[in-house]
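Spelled out, the chains give:
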Amino acid sequence: MSWTFTTDVEAYAAAAGELLRAEPARHTISLTVIETARTRGVEDEMYGWWTAPDGRVAGAVSHTSPHPLLLAVVPDEAVQPLVDGLRTTGRAVAGVNGPAALAGQVAAVWTASGGRAELGGATRLFRLGTLRPPEPLPTGKARPATDADLDLLAAWVGAFNREAAEPSADTRRAAEDRLSFGGWTLWDDGEPVSLVGRSRMAAGMIRIAPVYTPPRFRRRGYAAAATVAATQSALDAGAGEVVLFTDLTNPTSNALYRRIGYEPVHDRLVFRFVD
């Protein structure tokens, strides 16, 4: 029984890919981490997998600095070895992100020898059931974003990250990447009024994110309509599952996605470590 850590995404995909692909919706972030690393490359990423006594890969994690450690699957008996193993690497881990019970368990073990963990966020994973467009639709229409929208995309992704308290990132590079495969949908009502992104397909799954409407255009139904359009584009691209996350503290968005056909799967927590 042991954890193996590497910076080689292909080694990680070969070892843990089958485990992650067994439940694409639940492991949506982990799967898109692999696809992003393959297509864009990353500057500071590490991957790990747990090998059970029978030789099966039974656990998987990844870490993209400065984000929290991403917990996909960690068996109970692998939690303490995970913490011990990461500490031997000398890697700075600012927190953990995972299914609610698992995230709490790893955070407790991590801080048992000092420091504390603060709750940094709570999200709910939703999976599409039957897509239901809002009625009535708002004025305007959906359209794919183009290269001419790049400045706006980068600015709105940055605004979304600030509102969501996400770590800073190269928003222009992220915008360009999704433009390369048609991953942005704009709702246009005389001008762009709402933005929805989608991930590359991984194991037949596509994740909707981010969803952003500037404050001056909110409460007009634009986000719901744009999300339906982006979801339909994911289905048209061949996705067997379409998922998204909501902030559990935002009852408006949680109710909105249920209305258009998304169904809850599980909750995730982010804990940030404080010295």
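Refer to the preceding data block for the structure.
Each value, and the rule that gives it
- Residues numbered from 1 in each chain as written.
- Predicted model: local features only at pLDDT ≥ 70, side-chain atom pairs only at ≥ 80, totals over all residues.
- Heavy atoms only, no water.
- Core = buried A, V, L, I, M, F, W, Y, C linked by side-chain atoms within 4.5 Å.
- Buried < 20%, exposed > 50% of the residue type's maximum accessible area, 1.4 Å probe, protein only.
- Helix = DSSP H or I, 4+ residues; strand = E, 2+ residues; numbered from the N terminus.
- Contact = heavy atoms within 4.5 Å.
- Axes fitted to C-alpha atoms, helices over the stretch in contact; angles between N-to-C directions.
- Parallel < 35°, antiparallel > 145°, perpendicular 65-115°, else oblique.
- Left-handed = near helix turned anticlockwise from the far one by under 90°.
- Nonpolar A, V, L, I, M, F, W, Y, C, P; charged D, E, K, R; others polar.
- Pairing = 2+ DSSP bridges.

(A) The nonpolar core, seen in detail. Counting 25 residues, the largest nonpolar core has Leu 69, Leu 71, Val 74, Leu 82 and Val 96 as its most contacted members. Those elements that provide at least two residues to this core are β2 (45–51), β3 (57–64), β4 (69–73), α3 (79–89), α4 (100–110) and β12 (262–274). Ranked by residues supplied to this core, first place goes to α4 with five residues. Not counting the four nearest positions on each side in its chain, Leu 71 is found in contact with Ala 60, Val 61, Leu 82, Val 96, Asn 97, Gly 98, Pro 99, Leu 102, Ala 103, Val 106 and Arg 268.

(B) Looking closely at the packing of helix α1 (residues 9–21) against helix α2 (residues 28–39). The geometry of α1 relative to α2 is characterised by a closest axis approach of 10 Å and an angle of 150 degrees between their N-to-C directions. With respect to α2, the axis of α1 lies roughly antiparallel. Between α1 and α2 lies a crossing whose hand is left-handed. Between α1 and α2, the residues in contact are Val 9, Glu 10, Tyr 12, Ala 13, Leu 20 and Arg 21 and Ser 30, Leu 31, Ile 34, Ala 37 and Arg 38, respectively. Residues that form the contact of α1 with α2 fall into these classes: seven nonpolar, one polar and three charged.

(C) How the structure looks around the sheet that holds strand β10 (residues 205–212). Taken together, the twelve strands give an open sheet; going across it, the order is β1-β2-β3-β4-β5-β12-β6-β11-β10-β9-β8-β7, and neighbouring strands pair in mixed fashion. Across the chains shown, the open sheet's two edge strands, defined by having one partner strand only, are β1 (2–6) and β7 (141–144). This sheet shows a mean twist of 25 degrees between the axes of neighbouring strands, independent of strand direction. With three bridges joining them, strand β9 (residues 192–198) and β10 adopt antiparallel strand pairing. Bridge pairing in β10 links Leu 195 to Tyr 212. Each of β1, β2, β3 and β4 is contacted by α1, which is oriented at about 130 degrees to β3, the strand it contacts most. Contacting β8 (184–188), β9 and β10, helix α6 (residues 171–179) runs over the sheet at an angle of about 95 degrees to β8.

(D) The arrangement of the packing of helix α5 (residues 150–163) against α6 in detail. Close contact between α5 and α6 brings their axes to 8 Å; oriented N to C, the two are set at 120 degrees. Compared by their axis directions, α5 and α6 come out oblique. As α5 runs across α6, the sense of the crossing is right-handed. Where α5 approaches α6, its residues Leu 150, Asp 151, Leu 153, Ala 154, Val 157, Gly 158 and Asn 161 are matched on the opposing element by Thr 171, Arg 172, Ala 175, Glu 176 and Leu 179.

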